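# Structural characterization, general
Below, each chain spelled out in residue letters.
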Amino acid sequence: MSLAQDESGAPTEEHSAFRRLLMQFATLLAFGIAAQCIYTSYFGAPESTVHRSVILLLCVIVMVIHYPTRPKSDEQWAAWRRVLGRILDVGMVTVVSYGVWRFIDNLEDMEFLVSEFDFIDKAGAMGSMLVVIEMTRRIFGMPLALVGVIALLYCLFGADLPWIFRHSGFSVEQTVEIVWYGFQGVFGFPTGIVLTLILIFIVFGSVLQVSGAGESLIRIAFALTGKTRGGPAHAAIAASAMFGTMSGSVAANVVGTGVLTIPMIKRRGFSPGFAGGVESAASSGGQIMPPVMGAAAFLMAELVGVSYLTVCLAALLPALFFYISLFSSVSLEAARLNIEPVPEEERAVLTRVDLLNSLMFIAPIIGVVTLLVMGRSPAAAGLTGTI
């Protein structure tokens, strides 16, 4: 890999070209993950343990490329940091590759409970778990990564704690057999739910977002709420609710609606903190807004043993009350600040393009709900919506 720098220590064009090549490779892998997800939704999943482990490895490679180890400065000696960072990234991919290979190689022995692991196998499994935690830190932040670290430390050293915090103790070998070389840990039930059910809805939401429906949804929300005191704040709630029906991701909801709504809420006279609070609360409600909800809804359906449609029906009323409460809060704040409705000449006017784009939102949602009512699987419903 080229790590050439100019005299200021900044990466050269050669380095940037290599980085672009890596990003293209990551995009190709991500496309492959999405394609296999569509294939799985129609034809069914291949052998589950191999499927889960290989996809996890591909995801780690994509994450390492998108979130590489970066130096904190552009000083002359930062080149050494950059080199060490690349070595660390390659090392993490190598460790997970070894861990996945050993997991697949020992499948038959693990099924008959006769598997044995030497020191390298244990080190590879422990290193792979630490890589997963590190990737969690890079993408989701330190708090969630700390949960994983504390859980792992408690498993290894909890036998030395006092009082009710002490457990019977787990050796390193027992830990790696359960968490990595087993079917209840990293490659267990939740990972299977993500690959067979949740991922197709992520693809569905992504396709819908870039189809043009997202921007039209925001314009429709502004048109529907133009006469209210809350104006853009009410529009943010309506847009987040509609966006939430097709994406159970809070982050995607904030990005898709907040970029436009937050500045407009502030311009209407609301405080910046209130604008951010309205958008974040409205976007968070997308996780409980049927028919496409957060990952917890799919896990709940599988764990409780009910259909996903039942979970959707149970979540519908709380979700509606949640958004009604947000509408009421914005109305009260607008009245307190004496904010008037948006002047008629400034209100959004829907065009023919907006109405056509709205079909790309309405038709898939109807398709998803129809298949769920027919008793088909959530994966089939997500595939139908994507198509």
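Residues numbered from 1 in each chain as written. Predicted model: local features only at pLDDT ≥ 70, side-chain atom pairs only at ≥ 80, totals over all residues. Heavy atoms only, no water.

A few words now on the overall build of the protein. Looking only at helices and strands, the protein features 16 helices and 0 strands. The principal-axis extents of the C-alpha atoms in the protein amount to approximately 75 × 60 × 50 Å. Burial analysis of the protein (387 residues in total) assigns 42% to the buried set. Considering only intrachain contacts with a sequence separation of at least 6, the fraction spanning at least 24 residues in the protein is 71%. (Helix = DSSP H or I, 4+ residues; strand = E, 2+ residues; numbered from the N terminus. Buried < 20%, exposed > 50% of the residue type's maximum accessible area, 1.4 Å probe, protein only. Contact = heavy atoms within 4.5 Å.)

We now examine the side chain of Arg52. With respect to the secondary-structure elements, Arg52 resides in helix α2 (residues 48-66). Arg52 sits in the buried class, given a relative accessible area of 17%. Only 2.9 Å separates the side chain of Arg52 from the backbone oxygen of Phe187, close enough to count as a polar contact. In this structure, Arg52 is in contact with Phe187, Gly188, Phe189, Thr191, Gly192 and Leu195, ignoring residues within four places of it in sequence. (Polar contact = N/O pair within 3.5 Å; in protein donor to acceptor, adjacent residues only side chain to side chain.)

A few words now on the state of the cysteines. In the structure shown here, the tally under the stated rule is 0 disulfides. The closest cysteine sulfur to the non-disulfide-bonded Cys37 is located on Cys59, 11 Å from its own sulfur. With relative accessibility at 0%, the residue Cys37 sits in the buried group. For Cys59, a relative accessible area of 28% puts it in the partly exposed group. (Disulfide = S-S within 2.5 Å.)

This part takes up the nonpolar core. If you look at the biggest cluster of nonpolar residues, it comprises 42 residues, and the most contacted ones within it are Phe201, Phe204, Met246, Met293, Phe298, Tyr308 and Phe361. Those elements that place two or more of their residues in this core are α1 (13-43), α8 (189-210), α9 (213-225), α10 (232-244), α13 (295-304), α14 (308-336), α15 (352-373) and α16 (378-386). Per element, the largest residue contribution to this core is 10 residues, and it comes from α8. For Tyr308, the contacting residues outside a window of four places in its chain are Pro291, Val292, Met293, Ala297, Phe298, Ala301, Leu372 and Pro378. Ranked by size, the runner-up nonpolar core spans 28 residues in total, among them Phe117, Met126, Leu152 and Val176. (Core = buried A, V, L, I, M, F, W, Y, C linked by side-chain atoms within 4.5 Å.)

Now for the pattern of salt bridges. A complete count under the given rule lists 8 salt bridges for this structure. Its salt-bridge partner being Arg102, residue Asp105 comes within 2.9 Å of it at the nearest N-O pair. Of this pair, Asp105 and Arg102 both sit in helix α3 (residues 78-105), 3 residues apart, which is roughly one turn of that helix. Classification of Asp105 as partly exposed rests on a relative accessible area of 46%. Because the salt bridges share partners, they merge into one network encompassing Asp89, Glu134, Arg137 and Arg138. (Salt bridge = Lys/Arg side-chain N within 4 Å of Asp/Glu carboxyl O.)

As a further point, take helix α12 (residues 272-284). An ideal rise of 1.5 Å per residue puts 18 Å on 13 residues; α12 measures up with 18 Å between its terminal C-alpha atoms. All buried positions along α12 are accounted for by Phe274, Ala275, Val278, Glu279, Ala282 and Ser283. Along α12, the residues classed as buried sweep out an arc of 160 degrees about the axis, all on the same side. Structurally, α12 contributes buried residues whose contacts are with α10, α11 (250-267) and α14. (Expected span 1.5 Å × (residues − 1). Arc of directions from axis to C-beta.)

Before going further, it helps to examine the packing of aromatic side chains. Applying the stated criterion across every chain yields a total of 12 aromatic pairs. Ring geometry for Phe298 versus Tyr308: centroids 4.5 Å apart, planes at 5 degrees, classification stacked. Separated by 10 residues along the polypeptide, Phe298 in helix α13 and Tyr308 in helix α14 bring together distant segments of the chain. Look at Phe298 and you get buried, because its relative accessible area is 2%. An aromatic cluster is defined as three or more aromatic residues linked by ring pairs; in this entry it consists of Phe103, Trp180, Phe183 and Phe187. One cation-aromatic arrangement involves Arg102 over Trp101; the distance from NZ or CZ to the ring centre is 5.3 Å. (Phe/Tyr/Trp six-rings, centres within 6.5 Å; stacked < 30°, edge-to-face > 60°. Lys NZ or Arg CZ within 6 Å of the ring centre and 35° of its normal.)

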